[in-house]
Protein chains: 2
Amino acid sequence: MSTEDTHRTITADGVHHAAHRLAGNAIETPLIENEFLNDIAGGRVLVKAEVLQHCGSFKFRGAYNLVSKIPAQERQRGVLAWSSGNHAQGIARAARHFDTPATIIMPADTPDIKTEKVRAFGADIIPYDRYSEDREEIAKPIQKERNMILAPSYDHPDIIEGQGTLALETVAQARNQNAEIDAFIICCGGGGLTSGCATILEEISPKTEVWIAEPEGFDETWASIKSGKRQRADITQRTICDAIATPTPGRLTFPIMQRLVKGGVCLTEGDVAKAMLFALKYLKLIVEPGGAVALAAILSGKYEAQGKVTAITLSGGNVDPTLFASLISRAQG
Amino acid sequence: MSTEDTHRTITADGVHHAAHRLAGNAIETPLIENEFLNDIAGGRVLVKAEVLQHCGSFKFRGAYNLVSKIPAQERQRGVLAWSSGNHAQGIARAARHFDTPATIIMPADTPDIKTEKVRAFGADIIPYDRYSEDREEIAKPIQKERNMILAPSYDHPDIIEGQGTLALETVAQARNQNAEIDAFIICCGGGGLTSGCATILEEISPKTEVWIAEPEGFDETWASIKSGKRQRADITQRTICDAIATPTPGRLTFPIMQRLVKGGVCLTEGDVAKAMLFALKYLKLIVEPGGAVALAAILSGKYEAQGKVTAITLSGGNVDPTLFASLISRAQG
């Protein structure tokens, strides 16, 4: 199946195949259990510490899966992606691994910590203004002119199936820790991670409920699921959760989420900052705002974890150190 | 061998036995490799992420080993420890596990993050002024009056052998990653971790050089090794590296270190803050100042890692969030 066939069905088998490709190339990130968190939740909370993945987020999984599927004779065409930062790093690192050129369209206000690493992996960056410009419109002529292979940040079968390996891995780790997961809370932007995880969970752990956590103002995915129609967030809003500030659920991810997502939780910036502080104090992990919303769902009590086994994603850790320090100070105040 | 026999020889076998006791009770913390760190070092750097251990530091290893060896009929006597914070948490958690009362003598200026957790595990705290009082002098009458079992923070065979499991685990993980460790840099306070690791490394990986990293002003261990005589640090000095601000190497740890430690590196507070910032940006781990000195040895270039495989400990992550935020800001400035 070519990586440019974006209309094929997304399957649990696809996730298993992605897991084989990723074996030895992605990190099997730890599934952490913390007694203080369990006490607060009144149940078991299993924390998938994906901040320890290559490039500091789950995005490497899908990116590697996509780039690895480009036939060797096509690699010199290069890959073109757009990304708020984490997908960019994943694509840049995967492309370097396969000696494929990479060009990434990134918001001009992307935290330096994300752009620095993209450059370090040898990719080119084209900046755009995410408050006024449409990144897909910028991508089209470039893609056409240079005949590059598109690597969307979520709306692509290879990306979605790659991200799904996170849930496949988590369920196996949980079973090694004598746990069957009642609910899996996923930090949700465009829905790549959510739809990939939901797809594999339906097969390997059908009793697990899939929940999404979204930041205030960008909770259009749960609104879309509830209304049965893709809603749009107002992308002119500022948010600290840059990694998941997507305008609307994906064309491919939405129908999967609509069928398989059981509930949604919406978190304020205060909830998120408190979760980042908790991760600092008790888990010793750096979590970026967009990667902390699932933990915030538990800590805020907005998701009721009492008596359950709940898995949560800490989906990324690429936060600007100055912002991190200021959020930690704020959360303590 | 009773846990109160503090004169027995410390052996590699003792470390193996400790590892059996700890199996399933301590966390096998990940050994992390980061490409940016490798690039800076010009070699392979294997990072033992012991901040992810129970209670956020390696101290749980020795504490659990000691408490687990108390015969069941003796447990009600309780354990008495003194600690700058990390050992306190380890003892408190291990004591709770075995339903043993615990009393801990802690500096009055211990970061809240450490005292809070000690209390949460149900231990009693006796505060003292570490600039004017001698904690051992405070402990003696309490121990005598209550007939408690002493759990020193480093100078005890069970503690030392427990800490040694960190190196046993690291060598096995490194070999799984096709690496033989040329040098192992250990954050060094009283020398419990260093002497335990050196003891087991001599058996399982005799070519591995043991190095210690110490903070400016509290680099008396390397000075002691060089001079052949236990030196004393001026404990009235302030340091951000509270976890390893010990006055002098241990009676038991010193001869082991003298025989087996190859070199020492002394780090400034600026070196330490930069290492903490690096860990935030690239490793996504919270490291406390005293736990960051080995990483600082690499990043500062004070230890020459070029062309080698170097293992380092990130030995603890219990840092006050306000101090953490201010050090991160300072390191960026």
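Residues numbered from 1 in each chain as written. Chains lettered and ligands numbered in written order. Predicted model: local features only at pLDDT ≥ 70, side-chain atom pairs only at ≥ 80, totals over all residues. Heavy atoms only, no water.

The helix and strand inventory of chain A stands at 13 helices and 10 strands. For 333 residues, the compact-globule estimate of 2.2 N^0.38 gives 20 Å, and the C-alpha radius of gyration of chain A, at 18 Å, lies within 12% of that figure. Along the longest, intermediate and shortest principal axes, the C-alpha atoms of chain A span 55 × 40 × 40 Å. Classification of the 333 residues of chain A by burial places 64% in the buried group. Long-range pairs, those at least 24 residues apart, make up 75% of the contacts in chain A between residues at least 6 apart in sequence. If you sum the accessible surface of chain A, you get close to 12,000 Å²; carbon and sulfur atoms cover 48% of it. (Helix = DSSP H or I, 4+ residues; strand = E, 2+ residues; numbered from the N terminus. Rg over C-alpha atoms; globule rule 2.2 N^0.38 Å. Buried < 20%, exposed > 50% of the residue type's maximum accessible area, 1.4 Å probe, protein only. Contact = heavy atoms within 4.5 Å. Areas by Shrake-Rupley, 256 points an atom, 1.4 Å probe, with all protein chains shown as cover.)

Moving on, we come to the nonpolar core. The biggest cluster of nonpolar side chains holds 148 residues, and the ones touching the most others in it are Leu285 and Phe324 of chain A together with Leu285 and Phe324 of chain B. Each residue touching Leu285 of chain A, except ones within four places of it in the same chain, is listed here: Ile32, Ala49, Val51, Leu52, Ala279, Leu280 and Leu314 of chain A together with Leu52, Lys284, Leu285 and Ile286 of chain B. (Core = buried A, V, L, I, M, F, W, Y, C linked by side-chain atoms within 4.5 Å.)

So, about the relation of the copies chain A and chain B. Note on the chain copies: they are related by a rotation about an axis and a translation along it. Once chain A has been moved 0.0 Å along the axis and rotated by 180 degrees, it coincides with chain B to within an RMSD of 0.0 Å. Read as a symmetry element, the transformation amounts to a two-fold axis. Take the interface residues of chain A: 100% of them recur as interface residues in chain B, which is what a same-surface contact looks like. (Least-squares fit on C-alpha atoms with pLDDT ≥ 70 in both.)

This paragraph deals with the packing of aromatic side chains. All names here are of chain A. Applying the stated criterion across every chain yields a total of 13 aromatic pairs over all chains. A centroid spacing of 4.9 Å and a plane angle of 75 degrees characterise the contact between Trp211 and Tyr303, whose relative ring orientation is edge-to-face. Pair noted here: Trp211 is in strand β8 (residues 209-215) and Tyr303 is in the loop between α12 (293-299) and β10 (309-314), with a separation of 92 residues, a long-range link. Among the residues examined, Trp211 registers a relative accessible area of 19% and is labelled buried. (Phe/Tyr/Trp six-rings, centres within 6.5 Å; stacked < 30°, edge-to-face > 60°.)

Even without being a glycine, Asn178 of chain A presents a positive backbone phi close to 55 degrees. Turning to its location among the elements, Asn178 of chain A is positioned in the loop between α7 (157-176) and β7 (183-187). Assessed through its relative accessible area of 70%, Asn178 of chain A is described here as exposed. Of note in this structure, Lys284 of chain B is not a glycine but carries a positive phi near 65 degrees.

So, on to the environment of Arg77 of chain A. All names here are of chain A. With respect to the helices and strands, Arg77 occurs in the loop between α3 (59-68) and β3 (79-82). Excluding residues within four positions of it along the chain, Arg77 makes contact with Glu4, Arg146, Asn147, Met148 and Ile149. Engagement of the side chain of Arg77 in a polar contact is seen with the side chain of Glu74, the distance being 2.6 Å. (Polar contact = N/O pair within 3.5 Å; in protein donor to acceptor, adjacent residues only side chain to side chain.)

Let us now look at the domain arrangement of chain A. All names here are of chain A. Under the domain assignment used here, chain A contains domain 1 (12-59 + 156-332) and domain 2 (65-150). A straight line from the C-alpha centre of domain 1 to that of domain 2 covers 23 Å. Each partner contributes to the interface: domain 1 provides 24 residues, whereas domain 2 provides 19 residues. For the pair domain 1 and domain 2, the two sides together bury roughly 2,000 Å², of which 52% comes from carbon and sulfur. Counting the surface domain 1 buries against domain 2, the share from its top three residues, Cys55, Asp158 and Asn318, is 27%. Taken together, the connections running from domain 1 to domain 2 amount to 3 salt bridges. In this structure, Lys114 engages Glu288 in a salt bridge whose closest nitrogen and oxygen atoms are separated by 3.0 Å. For the pair domain 1 and domain 2, the interface holds 9 residue pairs in polar contact (both at pLDDT 80 or more). Elements supplying a minimum of two residues to the side of domain 1 that touches domain 2: α1 (12-22) and α7. (Domains from an automatic or database assignment. Buried area = accessible area lost by both parts, 1.4 Å probe. Salt bridge = Lys/Arg side-chain N within 4 Å of Asp/Glu carboxyl O.)

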